[in-house]
Amino acid sequence: MKRTKYKLGILMDPISAIDPKKDSSLAMLVEAAKRDYEIYYMEQKDLKLIDGCATAQATIIEIFDDQKKWYESKSNVSVDLKELNIILMRKDPPFDMEYIYTTYVLDKAEEDGVLIVNKPQSLRDMNEKVYTAWFPECTPSTLISRSMAEIKLFLRQHKKIVVKPLDGMGGKSIFVVDENDGNANVIIETLTDYGACSAMAQVFIPEIKDGDKRILLIDGKPVPYALARIPSKDDNRGNLVMGAVGEGRDITERDKLICSKISETLKKKGILFCGIDVIGDYLTEINSTSPTGIKELDSMYNLNIASDLFDVLEQKINRNE
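Sequence order as written defines residue numbering, which begins from 1 separately in each chain. Given that the model is predicted, a residue must reach a pLDDT of at least 70 before its local features are reported, and side-chain atom pairs must reach 80 or more before they are shown or counted; all residues, however, enter totals for whole chains, interfaces and linings. Calculated side-chain values reflect all of the structure's heavy atoms, with hydrogen atoms and water omitted.

Participant: Just to check I follow, could you spell out the overall build of the protein for this structure?
Facilitator: The number of helices and strands found in the protein is eight helices and 17 strands. In this treatment the radius of gyration is a C-alpha quantity, and the globule benchmark scales as 2.2 Å times the residue count to the 0.38 power. Compactness check: the protein gives a C-alpha radius of gyration of 20 Å against a globular reference of 20 Å for 321 residues, within 12% of the reference. Along the longest, intermediate and shortest principal axes, the C-alpha atoms of the protein span 65 × 45 × 40 Å. Evaluated residue by residue, the protein yields a buried proportion of 51% over its 321 residues. Considering only contacts in the protein between residues 6 or more positions apart, those separated by 24 or more positions represent 66%. Going along the chain from the N terminus, every DSSP run of H or I of four or more residues is numbered as a helix, and every run of E of two or more is numbered as a strand. Burial classes: relative accessible area under 20% of the type maximum marks a residue as buried, over 50% as exposed, and values in between as partly exposed (1.4 Å probe, protein chains only). The criterion used for residue contact is that any of the two residues' heavy atoms lie within 4.5 Å.

Below you can see the structure in the form of structure tokens.
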């Protein structure tokens, strides 16, 4: 039986600048190409709303599973987004106002029947750091505030903390601070812009030395393996782009419990592809914008996570037709 030819849109940062060895968006596109999808590549600048219609100046691309040549532009087209079956929203943070405006365009496409991964409203509602507050039983003691005095008090109470901005990614501007750190005040001043911006403070979790685990969930169901990002000896951050080394791990019973606590919320909110961060026994972030880790886990465990994702997406499309 001939497979339905789906039209897939992907909204991402410039495809020419990705690292093809590690890029999860490319892993998704390779799988879409195997399934003979027609692929429409877009950046934020390509979107517009005109007379209530969500449209884009897109590029139809061909995808190759090749680290030297991973795509080729075929033609530039103007497309009504409602003509697409699926749009993957894979634009990396920062989560700024331009990101929010982009989700409004995607809202209109969703209203017109397109499956958006992940749901635009939920991308706005579920900040990757802040939304952990909805699951306090899973998280370390956490403060989100713009008050420098409150963060300093939190540091005095807990002796050693991690402070970070709410809109970043990839370990940028994350600081580990202890009560005797002479730079504590300037770090807090900088992150809060002297009390003008909210920041997150969490109790330092010593198990970071064993890795910051990335667990991927597809429609609320976890992949059975985690990617533990082990910090380098001269850094506290478990981020691959900051020099951490990735190691595969079976997910633990505690990991499964955390996933079960958040699973129904993810499904209800339309977060079809999610990456949570777990350090020791604690949930530290819920990444719904552009989670990574597919290629590393695929190669370590002979998986095809993108195929599992597209199986779910096709089921949802067929159910709605």
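Let us keep going from here.
Participant: Just to check I follow, could you spell out the pairing of strand β4 (residues 53–63) for this structure?
Facilitator: In regular strands, side chains alternate between the two faces of the sheet. Extensive coverage of β4 is indicated by the burial of nine of its 11 residues. When strand β2 (residues 38–42) meets β4, the two strands line up antiparallel, connected through three bridges. Residue Tyr40 lies in a different strand from β4, and its bridge partner there is Ile60. Think of it this way: DSSP has to see at least two bridges between two strands before they count as a pair. As paired elements, strand β3 (residues 47–50) and β4 share four bridges and run antiparallel to each other. Each bridged residue has a counterpart across the sheet, and for Leu47 the counterpart in β4 is Ala56. Joining the antiparallel neighbours β3 and β4 is a turn of two residues, in which Asp51 adopts a positive phi near 50°. Note that β4 and strand β5 (residues 71–80) share nine bridges and pair antiparallel. Across the sheet, the residue bridging to Ala56 is Val79, located in β5.

Participant: Mind showing me how you'd approach the nonpolar core here?
Facilitator: The definition of a nonpolar core used throughout is a set of buried Ala, Val, Leu, Ile, Met, Phe, Trp, Tyr and Cys residues joined through side-chain atoms within 4.5 Å. Formed by 36 residues in total, the largest nonpolar core has its most connected members in Leu8, Ile15, Leu29, Ile86, Leu88, Phe273 and Leu313. Counting residues in each nonpolar core, the second largest holds 20 residues, with Leu11, Val79, Leu81 and Ile116 among its members.

Participant: Explain the sheet that holds strand β10 (residues 175–178) to me, please; I cannot follow it from the model alone.
Facilitator: Two orientations exist for strands paired in a sheet by backbone hydrogen bonds: parallel and antiparallel. Spatial ordering of the open sheet is given by β8-β11-β9-β10, a layout of four strands whose pairing is antiparallel. In the strand order of this sheet, the two ends are held by β8 (142–145) and β10, each with one partner. Across the sheet, the axes of successive neighbouring strands diverge by a mean angle of 25°, strand direction being ignored. Here an angle of 0 to 180 degrees is reported between the N-to-C directions of two axes, which are lines fitted to C-alpha atoms, with helices fitted over the stretch in contact.

Participant: Honestly, helix α8 (residues 305–320) in this entry has me stumped. Any pointers?
Facilitator: Residue pairs spaced three or four apart in an α-helix point in one direction, given the helix's 3.6 residues per turn. Each helix should span, by expectation, one fewer than its residue count multiplied by 1.5 Å. The terminal C-alpha atoms of α8 lie 23 Å apart, and with 16 residues this matches the ideal 22 Å at 1.5 Å per residue to within 8%. Turning to α8, its buried residues are Ile305, Ala306, Ser307, Leu309, Phe310, Val312, Leu313, Glu314, Lys316 and Ile317.

Participant: Help me understand the pattern of salt bridges in this model?
Facilitator: Where charged atoms from two side chains of opposite charge approach closely, those side chains can pair. By definition here, a salt bridge exists when the distance from a side-chain nitrogen of Lys or Arg to a carboxyl oxygen of Asp or Glu is within 4 Å. A full pass over the atoms with the stated rule returns 24 salt bridges. The residue Glu314 makes a salt bridge to Arg35 at a minimum N-O spacing of 3.1 Å. With Glu314 in helix α8 and Arg35 in the loop between α1 (24–34) and β2, the pair connects residues that are 279 residues apart, well separated along the chain. Grouping residues by exposure puts Glu314 and Arg35 together as buried. Between Asp46 and Lys45 there is a salt bridge, and its shortest N-O distance comes to 3.5 Å. The class for Asp46 is buried, based on a relative accessible area of 16%. Classification of Lys45 by relative accessible area gives exposed; the value is 66%. When salt bridges with common partners are traced through the structure, they connect Glu31, Arg35, Asp311 and Glu314 into a single cluster.

Participant: Explain unusual backbone geometry to me, please; I cannot follow it from the model alone.
Facilitator: Trans is the common state for peptide bonds, and a negative phi is the common state for residues other than glycine. Here Pro93 and Pro94 are connected by a cis peptide whose omega angle stands at 25°. Tracing the backbone through its elements, the reader meets Pro94 in the loop between β6 (86–90) and α2 (97–111). With omega at 10°, the peptide bond leading from Val117 into Asn118 counts as cis. Structurally, Asn118 can be placed in the loop between β7 (115–117) and α3 (120–125). You will see that Asn302, though not glycine, has its phi angle at about 55°, which is positive. Secondary-structure assignment places Asn302 in the loop between α7 (294–301) and α8. When its relative accessible area of 73% is taken as the criterion, Asn302 is described as exposed.

Participant: Sorry, what's going on with the environment of Lys159 here?
Facilitator: Within the secondary structure, Lys159 is located in the loop between α4 (148–158) and β9 (160–165). Lys159 has contacts with Val177, Asp178 and Glu179, leaving out every residue within four places of it along the chain. Counted as a polar contact is a pair of N or O atoms within 3.5 Å, where, for protein atoms, one must be capable of donating a hydrogen and the other of accepting one, and residues adjacent in sequence contribute only when both atoms are in side chains. A distance of 3.4 Å separates a polar atom in the side chain of Lys159 from the backbone oxygen of Arg156.

Participant: What is the right way to look at the side chain of Lys91 in this model?
Facilitator: Tracing the sequence through the fold places Lys91 in the loop between β6 and α2. Lys91 gets classed as buried once you look at its relative accessible area, which sits at 12%. Of note is the side chain of Lys91, whose polar atom sits 3.0 Å from the side chain of Asp13.

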